[in-house]
Amino acid sequence: MTEDIPKYKIIFLGDQGVGKSSILNRFSHDKFEEEYQSTIGLDFHSKNETINGANVRLLLYDTAGQEKFKSLIPMYIRDANIILVVYDITLKDSFTHTEHWVNETKDLKREDAIFVLIGNKTDLEEKRQVTTKEAEDFANGKGFIFHEVSAKTGEGVEDLFNNKIFPEMAKKFNIGEEGEEEGGDGTNGQDNNNAVKLDGNQQNLPPKKGGCCGGKNQKN
């Protein structure tokens, strides 16, 4: 049953307009929308995946990038297993601001999470303001996974999750066939303290899109 499988919380951080919602939608539904309403507060999705032979449920949290919602971010970072920091390769400021989002996690001492730096909008290569090497050097210095994607075309999104994030999850959280053989639950015979334990409110969190502060924007 879905509720019996381990759950892992993935949170998307980054400035407004960098394409957090687009990456999430491309990954979870394989679709892209040219226009969207800005995320208000938080949006929640879930997706079942098989990682290293084990069934898991991914809890995907899309956060708002507007300044007025930043005070809400720490409560969602606190128990996240995977933290994705997204920037727009065509907007230098969005890359510069990644330091702010990283500092948010440092304040909560989240060294136990998997960190990923994602450069979005590679379909707009001619408008690039952040070089791949510059971002890669930043990620390497922090010990982060790094990858560039285009949520619009889908390029790099599947590769990011299947070949970078999932293998790291299998290793860090003891997910996979060996763990199932020993413990029956992908945890090597021990309780998986890294898996998220949710209450009813978190499991049924409704999407929060649009509203008073929403508006149509271009989304890559």
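For the structure, see preceding data.
Please read all numbers here as calculations on a predicted model, not as lab measurements.

A. Representation of the nonpolar core. Core analysis: the largest hydrophobic core is formed by 30 residues, its most contacted members being Ile 82 and Met 169. Considering every element that reaches this core, the biggest residue donor is helix α6 (residues 157–172), with seven residues. Leaving out residues up to four positions away in the same chain, Ile 82 has contacts with Tyr 8, Lys 9, Ile 10, Ile 11, Ile 114, Val 116, Ile 165, Met 169 and Phe 173. Among the nonpolar cores identified, the runner-up in size contains 25 residues, and Phe 44, Ala 80, Ile 89 and Phe 95 belong to it.

B. Looking closely at the environment of Ser 94. Residue position: Ser 94 is located in helix α3 (residues 92–96). With a relative accessible area of 2%, Ser 94 lands in the buried category. A C-alpha to C-alpha distance of 9.8 Å links Ser 94 and Gly 119, two positions 25 residues apart in sequence. Among all residues touching Ser 94, those that are not within four sequence positions of it are Asp 15, Val 18, Tyr 87 and Asp 88. A polar atom in the side chain of Ser 94 sits 2.9 Å from the backbone nitrogen of Asp 88.

C. Structural detail: the pattern of salt bridges. One pass over the structure, following the stated rule, counts ten salt bridges. The salt bridge partner of Glu 134 is Lys 92, with a shortest N-O separation of 2.4 Å. Taken as a pair, Glu 134 in helix α5 (residues 132–142) and Lys 92 in helix α3 lie far apart in primary sequence, 42 residues in all. For Glu 134, a relative accessible area of 29% corresponds to the partly exposed category. Residues Asp 137 and Lys 133 are paired through a salt bridge, measuring 2.7 Å at the closest nitrogen-oxygen approach. Of this pair, Asp 137 and Lys 133 both sit in helix α5, four residues apart, roughly one helical turn.

D. Representation of the side chain of His 45 in the model. In this structure, His 45 sits in strand β3 (residues 42–51). Under the relative-accessibility criterion, His 45 is labelled buried at 17%. Residues contacting His 45, with those up to four places away along its chain left out, are Leu 24, Asn 25, His 29, Leu 58, Leu 59 and Leu 60.

E. Spotlight on unusual backbone geometry. In this model, Lys 121 sits at a positive phi of 80°, which is unusual for a non-glycine residue. Mapping Lys 121 onto the fold places it in the loop between β6 (114–120) and α5. Residue classification places Lys 121 among the buried residues on the basis of a relative accessible area of 7%. One non-glycine residue, Asn 174, lies in the positive phi region at around 55°. As for its position among the elements, Asn 174 is in the loop between α6 and α7 (177–183). By relative accessible area, Asn 174 is classed as partly exposed at 37%.

F. Broad picture of the environment of Tyr 8. Position of Tyr 8 relative to the elements: it lies in strand β1 (residues 7–13). Since its relative accessible area comes to 1%, Tyr 8 is described here as buried. It is 7.8 Å that separates the C-alpha atoms of Tyr 8 and Ile 82, two residues lying 74 residues apart in sequence.

G. Molecular detail of the packing of aromatic side chains. Summed over the entire model, instances satisfying the criterion amount to eight aromatic pairs. Ring geometry for Phe 27 against Phe 166: centres 6.4 Å apart, planes inclined by 65°, an arrangement best described as edge-to-face. Of this pair, Phe 27 sits in helix α1 (residues 20–29) while Phe 166 is found in helix α6, placing the two residues 139 residues apart along the sequence. Grouping residues by exposure puts Phe 27 and Phe 166 together as buried.

H. Main features of α6. An ideal rise of 1.5 Å per residue puts 22 Å on 16 residues; α6 measures up with 21 Å between its terminal C-alpha atoms. Roughly 35° is the biggest bend found in α6, and it falls at Ile 165, with proline Pro 167 one to four residues downstream. Phi for Asn 174, located one or two positions after α6, is positive at around 55°.

Conventions used here
- Residues numbered from 1 in each chain as written.
- Predicted model: local features only at pLDDT ≥ 70, side-chain atom pairs only at ≥ 80, totals over all residues.
- Heavy atoms only, no water.
- Core = buried A, V, L, I, M, F, W, Y, C linked by side-chain atoms within 4.5 Å.
- Buried < 20%, exposed > 50% of the residue type's maximum accessible area, 1.4 Å probe, protein only.
- Helix = DSSP H or I, 4+ residues; strand = E, 2+ residues; numbered from the N terminus.
- Contact = heavy atoms within 4.5 Å.
- Polar contact = N/O pair within 3.5 Å; in protein donor to acceptor, adjacent residues only side chain to side chain.
- Salt bridge = Lys/Arg side-chain N within 4 Å of Asp/Glu carboxyl O.
- Phe/Tyr/Trp six-rings, centres within 6.5 Å; stacked < 30°, edge-to-face > 60°.
- Expected span 1.5 Å × (residues − 1).
- Bend = angle between axes of the 7 residues up to and from the residue.

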